[in-house]
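Structural description and commentary
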Amino acid sequence: MGDTLEFNEIYQEVKGSWNDGRLRFSKQTLVYKNSKTGKVDSIPVHELTQAQWRRVCLGHGLKLSTSTGHIYKYDGFKDTDIEKISEYFKANYKLELTEKDMCVKGWNWGTAKFSEPLLSFEVNDSPAFEIPLSSVSQCATGKNEVTLEFHQNDDTEVSLMEVRFYVPPTPGDEGSDPVEAFAQNVLSKADVIQATGDAVCIFRELQCLTPRGRYDIRIYPTFLHLHGKTFDYKIPYTTVLRLFLLPHKDQRQMFFVISLDPPIKQGQTRYHFLILLFSKEEDINLTLNMNEEEVERRFEGKLNKNMSGSLYEMVSRVMKALVNRKITVPGNFQGHSGAQCITCSYKASSGLLYPLERGFIYVHKPPVHLRFEEIACVNFARGTTTTRSFDFEIETKQGNQYTFSSIEREEYGKLFDFVNAKKLSIKNRGFKEGIKGNDNMYSDSDDDQHDAYLERMKEEGKIREEANGSDISEGESDESFNPGEEDDDIAEEYDSKASASESSGDEGDSDRDRKKKPAKKAKLVKERKPRKKVKKVKDINAPKRPMSAYMLWLNSSRDRIKSENPGISVTEISKKAGEMWKQLSKEKKEEWDGKAEEAKKEYERKMREYRESGGGSSGTSKRERKRKGKNEEKRKKSGGGREKEKERTTGNDSFKSREFISSEESSSESERGKRRKRKKSVDEEDVASTPPSSEESGSD
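Below is a summary of the structure that appears in this document. These numbers come from a predicted model, not from an experiment.

Sheet strands pair via backbone hydrogen bonds, and the direction of the pair is either parallel or antiparallel. Here we have 8 strands laid out as an open sheet, ordered 18-17-16-15-21-20-19-24, and mixed in their pairing. Bordering the open sheet on either side are strand 18 (232–236) and strand 24 (327–328), each of which pairs with just one other strand. Taken together, the 2 bridges between strand 19 (residues 240–247) and strand 24 define a ladder with parallel strand orientation. The residue of strand 24 that forms the bridge with Phe244 is Thr328.

We now examine the sheet that holds strand 6 (residues 59–66). The 8 strands lie next to each other as 4-3-2-1-7-6-5-8, forming an open sheet whose pairing is mixed. The sheet is open, and its two edges are formed by strand 4 (40–44) and strand 8 (97–99), each paired on a single side. On average, adjacent strands in this sheet sit at an angle of 30 degrees to one another, irrespective of strand direction. Both strand 3 (residues 29–34) and strand 4 contribute to a ladder of 5 bridges, which runs antiparallel. When the bridges of strand 4 are listed, Leu30 appears paired with Ile43. Here helix 1 (residues 81–93) sits on the sheet in contact with strand 1 (5–14), strand 2 (17–25), strand 3, strand 5 (48–56), strand 6, strand 7 (71–77) and strand 8, set at roughly 100 degrees to strand 1.

Between helix 11 (residues 549–564) and helix 13 (residues 586–612), whose axes approach to 8 Å, the crossing angle comes to 105 degrees. It follows that helix 11 is roughly perpendicular to helix 13 by the angle criterion. Across the interface between the two elements, Ala549, Leu552, Trp553 and Ser556 of helix 11 pack against Trp592, Asp593, Lys595 and Ala596 of helix 13. Among the residues making up the contact of helix 11 with helix 13, the classes are represented as 5 nonpolar, 1 polar and 2 charged.

Here we take up a positive patch on the surface. Together, Lys302, Lys320, Lys326 and Arg358 line one region of the surface with positive charge. As for its placement among the helices and strands, Lys326 is situated in the loop between helix 4 (311–323) and strand 24. Given the relative accessible area of 74%, Lys326 is considered exposed.

Moving on to the pairing of strand 6. Most of strand 6 sits out of view: 7 of its 8 residues are buried. In this sheet, strand 7 lies alongside strand 6 in antiparallel orientation, the contact comprising 6 bridges. When the bridges of strand 7 are listed, Lys63 appears paired with Lys73. Joining the antiparallel neighbours strand 6 and strand 7 is a turn of 4 residues, in which Gly69 adopts a positive phi near 95 degrees.

Throughout the structure, instances matching the rule amount to 32 aromatic pairs. Residues Phe360 and Phe372 carry aromatic rings whose centres are separated by 5.6 Å and whose planes lie at 75 degrees to one another, so their mutual orientation is edge-to-face. In this pair, Phe360 is assigned in strand 27 (residues 359–363) and Phe372 in the loop between strand 28 (368–371) and strand 29 (375–382), connecting sequence segments 12 residues apart. Each of the two residues, Phe360 as well as Phe372, counts as buried. Among the aromatic residues, those joined into a cluster by ring pairs are Phe333, Phe360, Phe372, Phe380, Phe390, Phe392, Tyr412, Phe416 and Phe418. Directly above the aromatic system of Trp107 lies the positively charged group of Lys105, at a separation of 4.7 Å from the ring centroid. Here the guanidinium or amino end of Lys595 rests over the ring plane of Trp592, the centre of that ring lying 4.0 Å away.

Thresholds applied
Residues numbered from 1 in each chain as written. Predicted model: local features only at pLDDT ≥ 70, side-chain atom pairs only at ≥ 80, totals over all residues. Heavy atoms only, no water. Pairing = 2+ DSSP bridges. Helix = DSSP H or I, 4+ residues; strand = E, 2+ residues; numbered from the N terminus. Axes fitted to C-alpha atoms, helices over the stretch in contact; angles between N-to-C directions. Contact = heavy atoms within 4.5 Å. Parallel < 35°, antiparallel > 145°, perpendicular 65-115°, else oblique. Nonpolar A, V, L, I, M, F, W, Y, C, P; charged D, E, K, R; others polar. Patch = residues over 30% accessible without salt bridge, like charges linked within 9 Å, V, L, I, M, F, W, Y side chains within 5 Å. Areas by Shrake-Rupley, 256 points an atom, 1.4 Å probe, with all protein chains shown as cover. Salt bridge = Lys/Arg side-chain N within 4 Å of Asp/Glu carboxyl O. Lys, Arg positive; Asp, Glu negative; His and termini not counted. Charge placed at Lys NZ, Arg CZ, Asp CG, Glu CD. Buried < 20%, exposed > 50% of the residue type's maximum accessible area, 1.4 Å probe, protein only. Phe/Tyr/Trp six-rings, centres within 6.5 Å; stacked < 30°, edge-to-face > 60°. Lys NZ or Arg CZ within 6 Å of the ring centre and 35° of its normal.

Here you go:
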């Protein structure tokens, strides 16, 4: 067994919703990464105290308990995974994986047990359900009743809002109230914030963009208190996901962004981001409400009792020390104007888009943070209202699309290079790389992209206007009609500008004919479709090709794989077989390679005998006979055509090719048409037939 053990599509319950992610076991830590939020839970191995294997709603689940009092539950395992996990835990963690069955009787009368952060409701010593006390937002008591209210999760369609427990009175305990004891056990572990003690420090009248207003921020050891004129918010540090420090485009202000999960609420509005705006010129002298020894012991040099500097630096430094998370700043990206952001619009609101090292963040209304891991592809599109800007579209793996519009076209090159360097999938990569570096790609003209269909339509329009110009414009005189130019417009494909070499007498006749007849429209030469490839006829009597070493091994091992994995599908058999083939030893593979080599030699011997006996040649001879018959018919037709042509063209000296046909041979349009048809038929016959000699073709 390797040093690590990894599982994909493992689910973790977060406030009533199942979030998928990846779980990896290693010798030092156990790591789970949430695919949706990107949050990483890392559990040191030495903290694990108990591991349980249980059958749950999504298959099988794993429950882990730690010495710090935390409990982690992961669902989505297969029934065959218990053996691998149990062996790995024994070998690396020295921990026994025990199986525990859940009670499925459906009874609502049982025993409530408080075990660290969980309230377990058990029936006959088997847990029926468990409530994480960190999800409890409020606890109310009544007569023989305790009501638990839960934090609402916006990502779930249905949320559990409250649960009521009936606590019967016990005759033996007259001095203590069982309802109050139950409520105290819940409140001791619940996520109910109570502002007790003094604040570490206070920042007065800070400008907040979301939620909008000016707030006093009181920093407590475990939570953040926003106190405004209308609303108050208490934010536990455990709900802070990320911290961002972003410079404004004007280089005079700074954004400090706090990402929250779960978000803070104001009525029906949810705020997933807390955005503060600071001026770079504003300074502050800060004194912490703690003695120096306590500051040194708690923050380990990250903070001092007395500090001074810019206001945004002090706020970000205090938050980083208390939340214990890194602060994300813009990377190496630089826009056209030299700023580290791009001005754009999202949902009709103007804001700033910051390309980061591992994602994009848009501030400020509404704030959006997109990690590269959750981006499926990006797209560069033309602006809908003007050609001086373009749109930047981002599509996530969950199917959501974010469109950042009204980006100046000068930013295109920098943004494209950044996206390309981060190896993100670009929908229109071929088109954009072809015009990369072109400053006029979003100009007003349509000449940036060659559109063959549009050019053809324009040419046809010009021809119609020139042909019908005398009828449309009443103000034009007859003197403006130029026969020579008109003849050029309607010249046929193989004519060599007959109007240039016509005599003066023929010119007058042709003028009268042209005035009587309307001008011809230019013929559009259709593109020839490529010929389809002739499908090779399979010889059913030929010997079958030999199988490879892997296929020989698979045919012999298929029954064994089915017996070891009952109910396995065909695709899973192939996947399992591929893994087993990779783990096969070199000696075993050489044995199957030898069998494949023998099968190949046997196939070559049978193929040689089959060809010697005349196999595989019948189909070819039939095609050859059919081709020869067609050629004979074409020769006969071409011979008869030549005799008829000789009778019609007695008196002509020699044959003239179509490149050298002059307009002197005919003066009227009708004679020219007849002669063209006649010569076209002769050309087709010459192409189809094979003349016996060059002298004979010249005499014709």
